[in-house]
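An overview of the molecular structure
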Amino acid sequence: LVQPRYVGGRLMLRRRGYVLEPHLDPSRVLMTGLIYLPRPGDNEAYGTSLYRMSDRPKIDRTKTVYPKAQGIDCELVRTVPFQANSALVFLNAGAAHGAAIPRDAPPDTLRYAYQFYLTLDSEVSEGSGR
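Residues numbered from 1 in each chain as written. Predicted model: local features only at pLDDT ≥ 70, side-chain atom pairs only at ≥ 80, totals over all residues. Heavy atoms only, no water.

1. Some remarks on the packing of aromatic side chains
Two aromatic rings are characterised by how far apart their centres lie and by the angle between their planes. Scanning all chains against the criterion turns up two aromatic pairs. Between Tyr36 and Phe82, the ring centres sit 5.2 Å apart and the planes meet at 55 degrees, which makes this aromatic pair tilted. In this pair, Tyr36 sits in strand S3 (residues 29–36) while Phe82 sits in the loop between strand S5 (74–80) and strand S6 (87–91), placing the two residues 46 residues apart along the sequence. Each of the two residues, Tyr36 as well as Phe82, counts as buried. (Phe/Tyr/Trp six-rings, centres within 6.5 Å; stacked < 30°, edge-to-face > 60°. Helix = DSSP H or I, 4+ residues; strand = E, 2+ residues; numbered from the N terminus. Buried < 20%, exposed > 50% of the residue type's maximum accessible area, 1.4 Å probe, protein only.)

What follows is the structure, encoded as structure tokens:
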């Protein structure tokens, strides 16, 4: 029995003007986790956006896949709020995810999060990123 393994943990900081188009993580990633780390008083806006795809993209084992680059439409379904004491964990299949903080967001808008992956791939070393 193959057990999922934790890989690729990293602390991320996103500021206003940040855009990450709808995408899927490399196919070696089984699940992606995001632990939100807001500062006291941070607005819950600008969390993680989840998208429905009009077709299945060709997924690469080692690279992030952007469905729009393959001519696949992505429809915004929901944006998960950037809330304290919360996390988002999702399967890396069937849907895309992304994020954006508009340039006109308040100047002090910062988004701290811890991202990690779970994989079944025995060739991926612990602590390795994308």
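2. A look at the nonpolar core
Judged by nonpolar contacts, Met12, Leu34, Tyr36, Val80, Phe82, Leu88, Phe90 and Ala113 together constitute the single largest core of eight residues. Every element with two or more residues in this core is listed here: S3 and S6. Beyond its immediate sequence surroundings of up to four residues, Val80 is in contact with Tyr36, Gly47, Thr48, Leu50 and Leu88. Counting residues in hydrophobic clusters, the runner-up holds six residues, among them Leu24, Met53, Ile72 and Cys74. (Core = buried A, V, L, I, M, F, W, Y, C linked by side-chain atoms within 4.5 Å. Contact = heavy atoms within 4.5 Å.)

3. Some points on the pattern of salt bridges
In total, this model carries three salt bridges according to the counting rule given. Residue Lys68 is joined to Glu21 by a salt bridge in which the shortest nitrogen-to-oxygen separation is 3.6 Å. Of this pair, Lys68 sits in the loop between strand S4 (48–53) and S5 while Glu21 sits in strand S2 (residues 19–23), and the two are 47 residues apart along the sequence. Looking at Glu21, the relative accessible area reads 38%, which means it is partly exposed. For Glu75, the salt bridge identified is with Arg52, shortest N-O distance 3.2 Å. (Salt bridge = Lys/Arg side-chain N within 4 Å of Asp/Glu carboxyl O.)

4. Side note on the confidence of the model for the protein chain
As a note on interpretation, predicted positions should not be read in detail where pLDDT is low. When pLDDT is averaged along the protein chain, the result is 89; 92% of the residues meet or exceed 70. Predicted confidence is poor over residues 126–130, with pLDDT under 50, and the contacts of this stretch with residues over four places away or in other chains come to 17 contacts. (pLDDT = per-residue confidence, 0-100.)

5. Notes on the side chain of Thr48
Within the fold, Thr48 resides in strand S4. A distance of 2.8 Å separates polar atoms of two side chains, one belonging to Thr48 and the other to Tyr36. Leaving out residues up to four positions away in the same chain, Thr48 has contacts with Leu34, Tyr36, Arg78, Thr79, Val80, Leu88, His97 and Gly98. (Polar contact = N/O pair within 3.5 Å; in protein donor to acceptor, adjacent residues only side chain to side chain.)

6. Here's the deal with the sheet that holds S2
Pairing in this open sheet of four strands is antiparallel, and the strands run S2-S7-S4-S5 from one edge to the other. Because the sheet does not close on itself, it has two edges, and the strands there are S2 and S5. Adjacent strand axes in the sheet meet at a mean angle of 25 degrees when their direction is disregarded. Sheet topology places S2 next to strand S7 (residues 95–100); three bridges connect them, and they run antiparallel. Its bridge partner lying in S7, Leu20 is registered against Ala99. (Pairing = 2+ DSSP bridges. Axes fitted to C-alpha atoms, helices over the stretch in contact; angles between N-to-C directions.)

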